[in-house]
Amino acid sequence: MEWGVRCTGYEEIGGATGHTSYTIVTQARGSTFESKHRFSDFLQLHASLLPSIGAQLPTSFPVRKKAFGLHSESVKQQRMLQLQEYLTMAVAHASRAPD
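A few points on the structure. By convention here, each chain's residues receive numbers from 1 onward along its written sequence. Residue-level local features of this predicted model are given only where pLDDT is at least 70; pairs of side-chain atoms are given and counted only at 80 or more, and the full residue set underlies all totals for whole chains, interfaces and linings. With hydrogens and water excluded, all non-hydrogen atoms of the structure serve as input to the side-chain values.

Quick look at the side chain of Ser21
Here comes step 1: Here a helix means four or more residues in a row that DSSP labels H or I, a strand means two or more in a row labelled E, and each is numbered from the N terminus. Assignment of secondary structure puts Ser21 in strand β2 (residues 19-28).
Here comes step 2: Two residues form a contact once any of their heavy atoms are found within 4.5 Å. Setting aside chain neighbours within four positions, we find Ser21 in contact with Gly9, Tyr10, Glu11, Ile13, Lys36 and His37.

Now the structure itself:
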């Protein structure tokens, strides 16, 4: 099956006291879907993948949550790239996992 997932961008939701939402584009079976997710959604995804493909994934989520500088553009861009690397790795391992 041909499919892929990309982290294509981010946006601030709710201003300075809000959160960052990351845009995820998923392609599967000839269709493209776009969704937006908070960082905590990726933590939940990692926890849900560990039982099925955990041996191929890092034990702890590889993207660190930063307490300082969270709203700087460079931190958001770095996190977006790290999330892309994680999603690429997870998709590669999930596609090889037995049903």
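With respect to the environment of Gln82
Here comes step 1: By the secondary structure assignment, Gln82 is in helix α2 (residues 73-96).
Here comes step 2: Exposed residues in this analysis have more than 50% of their type's maximum accessible area, buried residues have under 20%, and partly exposed residues fall in between, with area computed by a 1.4 Å probe over protein chains only. Taking relative accessible area as the criterion, Gln82 reaches 26% and is therefore assigned partly exposed.

Considering the layout of surface pockets
Here comes step 1: Roughly 170 Å³ of volume is contained in the second largest pocket.
Here comes step 2: Grid points spaced at 1 Å and placed over the protein atoms alone form the basis of the search, with a cavity being a set where a 1.4 Å probe fits but cannot get out and a pocket an open set showing protein on both sides within 12 Å along at least five of seven lines. Lining residues have an atom within 4 Å of a point. Trp3, Val5, Thr26, Leu45, Leu49, Leu87, Ala90, Val91 and Ala94 together form the lining of the second largest pocket.
Here comes step 3: Listing elements by their share of the lining of the second largest pocket, those giving two or more residues are β1 (3-13), α1 (39-53) and α2.
Here comes step 4: If one sorts the elements of the lining of the second largest pocket by residue count, α2 sits on top with four residues.
Here comes step 5: Side-chain classes are defined by residue name, with Ala, Val, Leu, Ile, Met, Phe, Trp, Tyr, Cys and Pro counting as nonpolar, Asp, Glu, Lys and Arg as charged, and the others, Gly among them, as polar. Residue classes in the lining of the second largest pocket are distributed as eight nonpolar, one polar and no charged. Grid points are joined across faces, edges and corners, and a volume is the space filled by probe spheres set on the points.

Some points on the sheet that holds β1
Here comes step 1: Strand pairing is assigned whenever DSSP detects at least two bridges linking the two strands. Read across the open sheet, the three strands follow the order β1-β2-β3; overall the sheet is antiparallel. Whereas interior strands pair on both sides, the edge strands pair on one side only; in this sheet they are β1 and β3 (31-37). Each strand axis lies, on average, 20° off the axis of its neighbour in the sheet, ignoring direction.
Here comes step 2: Where β2 lies against β3, seven bridges are found, and the strand directions are antiparallel. Looking at the pairing, Tyr22 lines up with His37 of β3.
Here comes step 3: To get an axis, fit a line to the C-alpha atoms, keeping to the stretch in contact for a helix; angles then go from 0 to 180 degrees between the N-to-C directions. The sheet strands contacting α1 are β2 and β3, and the helix crosses β2 at an angle near 50°.

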